[in-house]
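Working through the structure, step by step
Residue strings, one per chain:
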Amino acid sequence: MARLIVPVITLLLSFFAVYLYLDMPATALVGSTEGQWLTVGHLMLPLSFLCVHLTNRRYGPAYAFAQVVLGLAASAAFVKFAVPQLSDVMPFKIVPDLRVAFAFGGAFLLASFLSIVVFDGARGPRWWMAPLLGMVSGVLF
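Residues numbered from 1 in each chain as written. Predicted model: local features only at pLDDT ≥ 70, side-chain atom pairs only at ≥ 80, totals over all residues. Heavy atoms only, no water.

**As for the overall build of the chain**
For the record, the criterion: Only DSSP runs of H or I reaching four residues or more are called helices, and only runs of E reaching two or more are called strands; each is numbered from the N terminus. Type-normalised accessible area, obtained with a 1.4 Å probe on protein chains alone, sets the label of each residue: buried when under 20%, exposed when over 50%, and partly exposed for intermediate values. Should any heavy atoms of two residues lie within 4.5 Å, those residues are considered in contact.
Along its length, the chain carries 6 helices and 0 strands. Each helix and strand of the chain, placed in order from N terminus to C terminus, yields the pattern α-α-α-α-α-α. A total of 141 residues make up the chain; the buried ones form 32% of that total. Taking all contacts inside the chain whose residues are at least 6 apart in sequence as the whole, residues at least 24 apart take part in 61%.

So this is what it looks like as structure tokens:
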């Protein structure tokens, strides 16, 4: 269990970074801010999958599943219990809505589980094949 402290904290930090930069448009790739269909948060989302893949590579799929479940449980507990107190102190735009937070959590849970299964099934002599297929399957889901 102690081995999961650093991976879960890393996953939580990547979740926080994705949410924090969700409103910042990626003007370097899009060129203008009028559409805002691509944000820095969208570009940082694969970092969350990278955290899961690094745990899967080092400790195996059981630890990667545990990392995802513990990370999402900690995020859900934060949203459920800390957000009502934070909404009085912080602007409403920064504090996530419960519906949005649980939708993101459910989608990330399913995509991560698919990614972990594909990553574990694609292990083999080519070191780059498992991370590539795992990342593609998770991001496209």
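Past the structure itself, the notes keep going.
**Notes on the nonpolar core**
Where we set the bar: The criterion is simple. A nonpolar core is a set of buried Ala, Val, Leu, Ile, Met, Phe, Trp, Tyr and Cys residues joined through side-chain atoms within 4.5 Å.
Of all hydrophobic cores here, the largest spans 11 residues; its members are L11, F15, F49, C51, V52, A64, V68, L72, F108, A111 and I116. Apart from residues lying up to four places away in sequence, F108 is in contact with L11, F15, S48, F49, V52 and L72.

**What about the side chain of N56?**
Tracing the sequence through the fold places N56 in helix α3 (residues 40–59). Here N56 falls in the buried class, since its relative accessible area comes to 0%. In this structure N56 touches P61, A64, I116, F119, D120 and R123, once residues within four positions along its chain are discounted.

**Digging into the pattern of salt bridges**
Keep this limit in mind: When a carboxyl oxygen of Asp or Glu is within 4 Å of a side-chain nitrogen of Lys or Arg, the pair counts as a salt bridge.
One pass over the full model with this rule turns up 1 salt bridge. We note a salt bridge from R123 to D120, for which the minimum N-O separation is 3.2 Å. The exposure class assigned to R123 is partly exposed, which follows from its relative accessible area of 34%. Residue class for D120 comes out partly exposed when judged on its relative accessible area of 34%.

**Observations regarding helix α1 (residues 5–20)**
Two residues of an α-helix separated by three or four positions point the same way, owing to the 3.6 residues in each turn. Basically, it comes down to this: Each residue after the first adds 1.5 Å to the expected span of a helix.
Its 16 residues give α1 an end-to-end C-alpha distance of 22 Å, which sits within 8% of 22 Å, the value for a rise of 1.5 Å per residue. The complete set of buried residues in α1 reads P7, V8, L11, S14, F15, A17 and V18.

**What about a nonpolar patch on the surface?**
Where we set the bar: Exposure above 30% relative accessible area and no salt bridge define the residues that can form patches, which grow by joining like charges within 9 Å and nonpolar side chains of Val, Leu, Ile, Met, Phe, Trp and Tyr within 5 Å. Working definition of accessibility: Shrake-Rupley area with a 1.4 Å probe, residue cover restricted to the visible protein chains.
Together, W127, W128, L132, V136 and L140 line one region of the surface with nonpolar side chains, adding up to about 590 Å² of accessible area. Along the chain, the position of W128 falls in the loop between α5 (98–121) and α6 (129–140). We classify W128 as partly exposed; its relative accessible area is 38%.

**With respect to the packing of aromatic side chains**
The condition is simple: Pairing of aromatic rings covers Phe, Tyr and Trp, the last counted by its six-membered ring, and requires centre-to-centre distances within 6.5 Å; plane angles under 30 degrees mean stacked, over 60 mean edge-to-face, and any other angle means tilted.
Using the criterion set out here, one finds 6 aromatic pairs in the structure. Here the aromatic rings of F15 and F104 are separated by 5.6 Å at their centres, their planes lie at 85°, and the arrangement is edge-to-face. Of this pair, F15 sits in helix α1 while F104 sits in helix α5, and the two are 89 residues apart along the sequence. According to the relative accessible area criterion, F104 is partly exposed, its value standing at 31%. Ring centres of F65 and F113 lie 4.9 Å apart, and the angle between their planes is 70°; this geometry places the pair in the edge-to-face category. Within this pair, whereas F65 is found in helix α4 (residues 61–89), its partner F113 is found in helix α5, the two being separated by 48 residues in sequence. For F65, a relative accessible area of 28% corresponds to the partly exposed category. You can call F113 partly exposed: its relative accessible area is 27%.

**Quick notes on the packing of α1 against α3**
Rule in force here: Between the N-to-C directions of two axes lies an angle of 0 to 180 degrees, each axis being a line fitted to C-alpha atoms and, for a helix, fitted only over the stretch in contact. The scheme is simple: roughly parallel for angles under 35 degrees, roughly antiparallel for over 145, roughly perpendicular for 65 to 115, oblique for anything else. Here the nonpolar group is Ala, Val, Leu, Ile, Met, Phe, Trp, Tyr, Cys and Pro; Asp, Glu, Lys and Arg are the charged ones; every other residue, Gly included, is treated as polar.
Relative orientation of the contacting elements α1 and α3 amounts to 170°, with a least axis distance of 8 Å. Taken as axis vectors, α1 and α3 run roughly antiparallel relative to one another. The segment α1 lies against α3, with P7, T10, L11, S14, F15, A17 and V18 engaging G41, M44, L45, L47, S48, C51, V52 and T55. Considering only residue class, the contact of α1 with α3 consists of 10 nonpolar, 5 polar and no charged.

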